[in-house]
Amino acid sequence: QVQLVESGGGLVQPGGSLRLSCAASGSIFSINAMGWYRQAPGKQRELVAAITSGGSTNYADSVKGRFTISRDNAKNTVYLQMNSLKPEDTAVYYCNAAAEGLYGLGDYWGQGTQVTVSS
């Protein structure tokens, strides 16, 4: 089994910054892509950013130039640096990992962390 634990959410004013972290643990053989998704009230979950094991990244148009995804493969951890935050970035942010564990390949999710951008 693979567990993902997120941290770093909170309340921030517009224009501020936050850094989210997500650490994977458990019986992990390898982790392929890792990513961050978000879900605002009344909206569908959407991809924010993703990164492959080789470091290739992909971003939603709405966060390009403001958010940066990175990962530390040695620590099985992915980060999301969020700058110039806007009220529309308010959502629950979920970490996702495509990982190979004891039972084969699987798609794993964290429990979510709330990000609120408000003055």
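You'll find the structure just up there.
Remember, predicted model here, so these are calculated numbers, not experimental data.

1. Brief notes about the state of the cysteines
The final tally for this structure, using the stated rule, is one disulfide. Here Cys-22 pairs with Cys-95 through a disulfide, and the sulfurs are 2.1 Å apart. Looking along the S-S bond of the Cys-22-Cys-95 disulfide, the torsion reads about -80°, which is the left-handed sense. Placement of Cys-22 in strand 3 (residues 18-26) and of Cys-95 in strand 9 (residues 91-101) is noted, with a sequence separation of 73 residues between them.

2. Brief notes about the pattern of salt bridges
In the structure shown here, the tally under the stated rule is four salt bridges. Put simply, Asp-89 and Arg-38 hold a salt bridge, and the shortest N to O gap is 2.9 Å. Remark: Arg-38 occurs in strand 4 (residues 28-39) and Asp-89 occurs in the loop between strand 8 (77-82) and strand 9; sequence separation between them is 51 residues. In this structure, the salt-bridge partner of Asp-61 is Lys-64, at a minimum N-O distance of 3.1 Å. The exposed category is assigned to Asp-61, whose relative accessible area is 64%. Three or more residues are tied together by salt bridges with common partners; here these are Arg-38, Glu-46, Arg-66 and Asp-89.

3. Points about a nonpolar patch on the surface
On the surface, a cluster of nonpolar side chains totalling about 420 Å² of accessible area is made up of Phe-29, Leu-102 and Tyr-103. Judged by relative accessible area, Phe-29 falls into the exposed class, the value being 55%.

4. Examining the environment of Leu-102
Take Leu-102: it is sitting in the loop between strand 9 and strand 10 (104-109). Spatially, the C-alpha atom of Leu-102 lies 6.0 Å from that of Ser-27, the residues being 75 residues apart in sequence. Not counting chain neighbours up to four residues away, the residues in contact with Leu-102 comprise Ser-27 and Phe-29.

Calculation criteria
- Residues numbered from 1 in each chain as written.
- Predicted model: local features only at pLDDT ≥ 70, side-chain atom pairs only at ≥ 80, totals over all residues.
- Heavy atoms only, no water.
- Disulfide = S-S within 2.5 Å.
- Helix = DSSP H or I, 4+ residues; strand = E, 2+ residues; numbered from the N terminus.
- Salt bridge = Lys/Arg side-chain N within 4 Å of Asp/Glu carboxyl O.
- Buried < 20%, exposed > 50% of the residue type's maximum accessible area, 1.4 Å probe, protein only.
- Patch = residues over 30% accessible without salt bridge, like charges linked within 9 Å, V, L, I, M, F, W, Y side chains within 5 Å.
- Areas by Shrake-Rupley, 256 points an atom, 1.4 Å probe, with all protein chains shown as cover.
- Contact = heavy atoms within 4.5 Å.

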